Amino acid sequence: MTPSDKIAAALARGQRFLLLTHQDPDADGVGSVLALGRSLCDAGKETTLLFQAPLGPPLCFLKGAERAVTQLDDRKIFDAAVILDCAEKNRLGRAADYLYKELPLINIDHHETNDHFGTLNLVDPKSSSTAELVFGVIRAADLPMGPEAAENLFAAIQGDTGSFRYGNTTAKTFRVAAELVDLGALPWDISRRIRDNHSMARLRLLGLALETVCLRLQGRVAVMTLTREMMEEAGAHETDTEEFVDYPRFIRGVEMGVLIRETGQNTTKVSIRSNNWVNAARLAARFGGGGHARAAGFTCRGAAGTALTLFLKEARRFLDGTRD
Ligand code: AMP
Ligand code: MN
Ligand code: MN
C-alpha cells in the first residue's frame, strides 16, 4: 500500500478527526485544512479544525473558515489528528499542546525538511503544495469533493505556486487545477477575494519597504527590511507582508531575495527566496529554520541589523560554493 492509500484507509475507517496546520499559516495550510475538513464532514464524519490564532484577512475569506476554532476541550478524543503543510511538530506552536500521547498523527506535507513525525506520513517534496497531495488523498479515500473543497484546494495551490508560476508548478498541478475548476472552483473570484484584496495599510507598508531594498554580496543578494517602526507607521499587520520578498528577488542578476522583518522586541523573521540554484531550505536550516529549495525561512534573536549580518556571512558561503 502507498502512503496515500494507508492514509485514505485511516480516513475512511475513522469517525472523529482533528485537523491542524503550521503556525502563522498560509493559503496552502489553511486551504488544505478547510478542504479536507469539508470533504470529511460531507462524508458524515466529525471534524474539528484548529488554528493557533484567529485567521485575519485575506485567509478568513476562504469558505468555511468561520467553522475553525482556536481552543479545544482538553478531554476531547479523536481517532486521528491530520497535520497539513507542517514540517515538524514544533511548527504547530501552541496547537501541539492538544496532541495527547495515544493520538495517531497523519502527516501530509511537501517540505523537504519534513522529519516524518507522523504515525502515517505522506511527504512529497516534488508536490507543488500540500493541497495537491490532499486532492490525491480525498480521491484515494473516495470522499466527496464539492465546490467549497475544490475552491479551497485551488486557493491553496495558487498560493504555493505564486499563481502557477514558480518552479514547483508541474503538468500535474495544472491537471489537478483543471479538475478543481470542473468541480466548481472559480479562479477569478478566488483571486480577487484571496490574492488581490489588499488593505491600504499594506500598500503604505510596501512603499516604505521598497525604499529599503539594497544589493549585497556583489549584487547576488537583494535585501528588503521591515522594522517594527515601519509596521506601526503603516498601521500594517503581519499578514500584510505576504509575498513582499518577491520584489528583491525580481531584480535582474539577483540569485537570492531576502526579507528581514522584526517580529518582536528581540526577534526577527528572515524569508529567503532563490531564483536558480541556491538551496534556500539548507541555508535556512543553518539557522534552525526550513522550507523548500526556492522558498525558506527562519526566525532568530536580535534586531534586523544583527540578523542580516549573521545571514550574509552564511549566505556568502553558499554563493561561493564553500557550503551547500
Ligand atoms: P515564508 O518566508 O514565511 O513565506 O516561508 C517560506 C517557506 O519556508 C515556507 O514553506 C515555510 O514553511 C518555511 N519556513 C518559514 N519559516 C520557517 C521556520 N521558522 N522554520 C521552518 N520553516 C520555515
Ligand atoms: Mn505553508
Ligand atoms: Mn505548502
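Residues numbered from 1 in each chain as written. Chains lettered and ligands numbered in written order. Predicted model: local features only at pLDDT ≥ 70, side-chain atom pairs only at ≥ 80, totals over all residues. Heavy atoms only, no water.

Caption draft 1: Just the coordination of the manganese ion (ligand 3), in detail. Only Asp28 (OD), Asp85 (OD), His110 (NE2) and Asp160 (OD) from the protein reach the manganese ion (ligand 3) as donors, at distances of 2.2 to 2.3 Å. We note that the donor set of the manganese ion (ligand 3) lies within a single chain, spaced as D-x56-D-x24-H-x49-D. A spacing of 3.7 Å is found between the manganese ion (ligand 3) and the manganese ion (ligand 2), which share Asp85 as a donor. Of the two residues, Asp28 sits in helix α2 (residues 27-42) while Asp85 sits in the loop between β3 (80-84) and β4 (105-109), which places them 57 residues apart along the sequence. Summarising the burial analysis for this pair, Asp28 and Asp85 share the class buried. (Donors = N, O, S within 2.8 Å, 3.2 Å for Na, K, Ca; no water. Helix = DSSP H or I, 4+ residues; strand = E, 2+ residues; numbered from the N terminus. Buried < 20%, exposed > 50% of the residue type's maximum accessible area, 1.4 Å probe, protein only.)

Caption draft 2: Region of interest: the packing of helix α3 (residues 130-140) against helix α5 (residues 171-182). Here α3 crosses α5 at 60 degrees, and the two axes come no closer than 10 Å. Taken together, α3 and α5 sit at an angle that is classed as oblique. Here α3 runs over α5; the crossing is left-handed. Contacts from Glu132, Phe135 and Arg139 of α3 reach α5 at Lys172, Thr173, Val176, Glu179 and Leu180. Here the contact of α3 with α5 is built from residues that sort into three nonpolar, one polar and four charged. (Axes fitted to C-alpha atoms, helices over the stretch in contact; angles between N-to-C directions. Parallel < 35°, antiparallel > 145°, perpendicular 65-115°, else oblique. Left-handed = near helix turned anticlockwise from the far one by under 90°. Contact = heavy atoms within 4.5 Å. Nonpolar A, V, L, I, M, F, W, Y, C, P; charged D, E, K, R; others polar.)

Caption draft 3: Summary view of the coordination of the manganese ion (ligand 2). The protein atoms that coordinate the manganese ion (ligand 2) are His22 (NE2), Asp26 (OD), Asp26 (OD) and Asp85 (OD), at distances spanning 2.1 to 2.6 Å. For the manganese ion (ligand 2), the single-chain donor residues occur in sequence as H-x3-D-x58-D.

Caption draft 4: Just the packing of aromatic side chains, in detail. Scanning all chains against the criterion turns up six aromatic pairs. A centroid spacing of 5.8 Å and a plane angle of 75 degrees characterise the contact between Tyr247 and Phe250, whose relative ring orientation is edge-to-face. On the basis of relative accessibility, which here comes to 45%, the residue Phe250 falls in the partly exposed class. On the basis of an interplanar angle of 35 degrees and a centroid distance of 6.5 Å, the ring pair of Phe287 and Phe311 is categorised as tilted. Of this pair, Phe287 sits in the loop between α10 (280-285) and β10 (290-291) while Phe311 is found in helix α11 (residues 304-319), placing the two residues 24 residues apart along the sequence. (Phe/Tyr/Trp six-rings, centres within 6.5 Å; stacked < 30°, edge-to-face > 60°.)

Caption draft 5: Broad picture of helix α7 (residues 200-211). In this model α7 runs 17 Å from its N-terminal to its C-terminal C-alpha over twelve residues, within 8% of the 16 Å that 1.5 Å per residue would give. When α7 is considered as a whole, its buried residues turn out to be Ala201, Arg202, Leu205, Leu206 and Ala209. Each buried residue of α7 sits inside an arc of 135 degrees when the element is viewed along its axis, so together they form one side. Exposed and facing more than 90 degrees away from the buried side of α7 are Met200 and Glu211. In this structure, the buried side of α7 is in contact with β7 (221-226), α8 (228-234) and α9 (246-249). (Expected span 1.5 Å × (residues − 1). Arc of directions from axis to C-beta.)

Caption draft 6: Main features of the site of ligand 1. In the neighbourhood of ligand 1, 14 residues make up the surrounding shell, with Arg91, His111, Lys269, Ser271 and Arg273 lying closest. Between ligand 1 and Ser271, the relevant distance is 2.7 Å, taken from an oxygen atom to a side-chain nitrogen or oxygen of the residue. At a separation of 2.7 Å, an oxygen atom of ligand 1 approaches a polar side-chain atom of Arg273. Alone, ligand 1 offers 470 Å² of accessible surface; in the complex the protein occludes 83% of this. Where the shell around ligand 1 is concerned, the elements lending two or more residues are β9 (267-274), β10 and β11 (295-301). Per element, the largest residue contribution to the shell around ligand 1 is five residues, and it comes from β11. Class assignment for the residues of the shell around ligand 1 results in three nonpolar, eight polar and three charged. (Near = heavy atom within 4 Å. Polar contact = N/O pair within 3.5 Å; in protein donor to acceptor, adjacent residues only side chain to side chain. Areas by Shrake-Rupley, 256 points an atom, 1.4 Å probe, with all protein chains shown as cover.)

Caption draft 7: Inspection of the sheet that holds strand β2 (residues 46-50) at higher detail. One open sheet accounts for five strands, arranged β2-β1-β3-β4-β5; its pairing is parallel. Since the sheet does not close on itself, it has two edges, and those belong to β2 and β5 (120-123), each with one partner. Geometrically, the sheet is characterised by an average inter-axis angle of 15 degrees between neighbouring strands, direction not taken into account. Running at roughly 130 degrees to β5, helix α1 (residues 3-13) makes contact with β1 (16-21), β3, β4 and β5 of the sheet. Contacting β3, β4 and β5, α3 crosses the sheet at an angle of about 125 degrees to β4. (Pairing = 2+ DSSP bridges.)

Caption draft 8: Quick look at the side chain of His111. Here His111 lies in the loop between β4 and β5. Looking at His111, the relative accessible area reads 11%, which means it is buried. Setting aside chain neighbours within four positions, we find His111 in contact with Asp85, Ala87, Val123, Pro125, Gly291 and His292.

Caption draft 9: Region of the structure containing the pattern of salt bridges. All chains considered together, the criterion is met by 17 salt bridges. Close ionic contact of Asp79 with Arg16 constitutes a salt bridge, the shortest N to O distance being 3.0 Å. A residue pair is termed long-range when its members are at least 10 positions apart, and Asp79 in the loop between β2 and β3 and Arg16 in strand β1 qualify at 63 residues. Among the salt bridges present, the one from Lys63 reaches Glu151, with a minimum N-O distance of 2.9 Å. (Salt bridge = Lys/Arg side-chain N within 4 Å of Asp/Glu carboxyl O.)

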